[in-house]
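Reading the structure
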Amino acid sequence: MTHSDLAAIVLAAGQGTRMRSRRPKVAHPLAGRPLLGHVLDTLDALGAGRRVVVVGPDMPEVQAIAAPAPTVEQAERLGTAHATLQARPALDDPPGTVLILYGDTPLIRPDTLRAMVDARAEAALVVLGFRAADPTGYGRLVTGADGGLDAIVEHKDASEAQRAITLCNSGVMAVDGRLLFPLLERVGNDNAKGEYYLTDIVALARADGHRCAVVEGNEAEMLGINDRAQLAAAERVVQDRLRAAAMAGGVTMTDPASVFLSMDTRFGQDVSVGPFCVFGPGVTLGDDVEIKGFCHFEGCEVAAGAVLGPYARLRPAAIVGEGAHIGNFVEVKKATVEAGAKVNHLTYIGDARVGAKANVGAGTITCNYDGFGKYHTDIGAGAFIGSNSALVAPVKIGDGAIIGAGSAITKDVPADALALTRAPQTTKERWAAMFRTHMKRLTGKG
Ligand code: UD1
Ligand code: MG
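Predicted, not measured: the structure shown is a model, and the values here were computed from it.

For the rest of this paragraph, the subject is the layout of surface pockets. Roughly 1,400 Å³ of internal volume is contained in the largest pocket. Residue lining of the largest pocket: 43 residues in total, with Arg18, Arg77, Tyr102, Asp104 and Asn226 positioned closest to the centre. For the second largest pocket, the calculated volume is near 250 Å³. In terms of residue count, helix 1 (residues 35–46) provides more of the lining of the second largest pocket than any other element does, four residues in total. Here the residues of the lining of the second largest pocket sort into seven nonpolar, two polar and four charged. Each of two domains, domain 1 (3–222) and domain 2 (228–419), supplies a minimum of three residues to the lining of the second largest pocket.

Another point: the environment of Lys156. Along the chain, Lys156 falls in the loop between strand 9 (149–153) and helix 5 (160–163). For Lys156, a relative accessible area of 57% corresponds to the exposed category. Placed 36 residues apart in sequence, Lys156 and Ala192 show a C-alpha to C-alpha distance of 6.1 Å. Once residues within four sequence positions are removed from consideration, Lys156 is found in contact with Arg163, Ala192 and Lys193.

A separate point is the pattern of salt bridges. Scanning the entire structure with this criterion turns up 18 salt bridges. Across the pair Arg33 and Asp41 runs a salt bridge, and its minimum N-O distance is 2.8 Å. Residue classification places Asp41 among the partly exposed positions, given a relative accessible area of 26%. Two residues, Arg211 and Asp146, come together in a salt bridge whose shortest N-O distance is 3.8 Å. Of this pair, Arg211 sits in the loop between helix 7 (201–207) and strand 11 (212–217) while Asp146 sits in the loop between strand 8 (140–143) and strand 9, placing them 65 residues apart in sequence. Through salt bridges that share partners, Glu338, Arg353, Asp378 and Lys396 make up one connected network.

Looking now at the domain arrangement of the protein. Here the protein is described as being made up of domain 1 (3–222) and domain 2 (228–419). Measuring from the centre of the C-alpha atoms in domain 1 to the corresponding centre in domain 2 gives 44 Å. Domain 1 puts 14 residues into the contact, and the matching count from domain 2 is 13 residues. In total, about 1,100 Å² of surface goes out of reach between domain 1 and domain 2, with carbon and sulfur atoms giving 63% of it. For domain 1, the biggest contributors to the area lost against domain 2 are Met19, Ala31 and Leu107; these three give 46% of the whole. Applying the counting criterion to the domain 1 and domain 2 interface returns zero salt bridges. For the pair domain 1 and domain 2, the number of links is five residue pairs in polar contact (both at pLDDT 80 or more). Of all the secondary structure elements, the ones that give two or more residues to the side of domain 1 that touches domain 2 are strand 2 (29–30) and helix 1. Class assignment for the residues of the side of domain 1 that touches domain 2 results in six nonpolar, four polar and four charged.

Cut-offs applied
Residues numbered from 1 in each chain as written. Chains lettered and ligands numbered in written order. Predicted model: local features only at pLDDT ≥ 70, side-chain atom pairs only at ≥ 80, totals over all residues. Heavy atoms only, no water. 1 Å grid on protein atoms, 1.4 Å probe; cavity = no way out; pocket = protein on both sides within 12 Å on 5 of 7 lines; lining within 4 Å. Points joined across faces, edges and corners; volume = space filled by probe spheres on them. Helix = DSSP H or I, 4+ residues; strand = E, 2+ residues; numbered from the N terminus. Nonpolar A, V, L, I, M, F, W, Y, C, P; charged D, E, K, R; others polar. Domains from an automatic or database assignment. Buried < 20%, exposed > 50% of the residue type's maximum accessible area, 1.4 Å probe, protein only. Contact = heavy atoms within 4.5 Å. Salt bridge = Lys/Arg side-chain N within 4 Å of Asp/Glu carboxyl O. Buried area = accessible area lost by both parts, 1.4 Å probe. Polar contact = N/O pair within 3.5 Å; in protein donor to acceptor, adjacent residues only side chain to side chain.

Laid out in structure tokens, this is it:
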């Protein structure tokens, strides 16, 4: 459902100095999705279709993540009220409720925001608060006798008594669309930081007689990312959520804590995942897929009943067909392994097709690259590739063909043919024994 009466402004102008990164902070990934993407996904789930992202100067990467949402630039970092005000041209007819969120606070759930939007029925302005274990640095929520919110006082500007308040500002607000920009225009910067504080609009709204309210959320959801340690802490939270969702959806995990997922990992039913597996972005798995331990997948699609690993690696554009087997130390990249095919040991399949029910022996390599271009290998249905073969692309192995072990195949092989390139075997009876006798006599050793 989309709320036509709801819009969101996402503040993402900070570079994130403490990340010590060349990338803007909100572009850093969490479970394979940029921080800002998490916030936008939450807004999708809430149904807030209209949104504006406030970015800093020269942040094309952030603009690309925000798209198709419009971005506005905050040229100078003068504070959160100033940042929010920049959204005005993109939101000249604000809807009933405008949500203001931070791009670096990715763990807030849609239900929490929904509770705020609902609370707007009774208040002109709703702030998302939380009880902080350590409130240092946060804005404190000053509530009145009626339980309403009277003001937010920033830590640096707070008195001793106000600093004793543990109810803190998460930064998220839901504001009456008619009031937001006029209130922001009245905010000054006469405070400890010399910044235009978004939080000042609470006292201004109260002075005008509007009711302000607090919705309390869970501190864990409010985690803001300022440095790499917080990024790792948020990753743990997101991974736990993703693992729980996967198991709730019918996936068996032997050791969930050692399995790493992406926001877009898609599992069929009755998939089983062994320990120490990593699912990068863009992985889709069909029903009954069995994944043994120590696998690494990204950008790949696996059909029902396939068996993978242990130690299998599927790279982008790998497609594994129904019931196919990909075994230990096998890497598949930009290749289709069709239904029932087996690639079980120590093999590289890149830029290739492995036909249905083909059997690729241990140590087979598709030699797809000559230092300049990439070339295709086509292995027909039911073909049998002997162990330790090099298939030098471009090359085509016909349906049902057999390649002798240890061959380097450079020419196409017709269907049902045998091809082998190894030198004929020479056997010299007794040669080894004679050699040893000779060497012992010569060296006096052994
Ligand atoms: C802010 C709140 C504080 C709250 C805390 C929660 C204000 C004045 N204070 O403080 O009450 O407890 O968040 O974490 O709002 N930003 C811009 N442009 C600016 C300034 C900030 O886009 O000019 C963005 C930042 O990139 C960041 C967010 O706004 O995502 C918050 O700014 P930050 O400087 O971290 O505010 P805090 O001092 O933490
Ligand atoms: Mg902050």
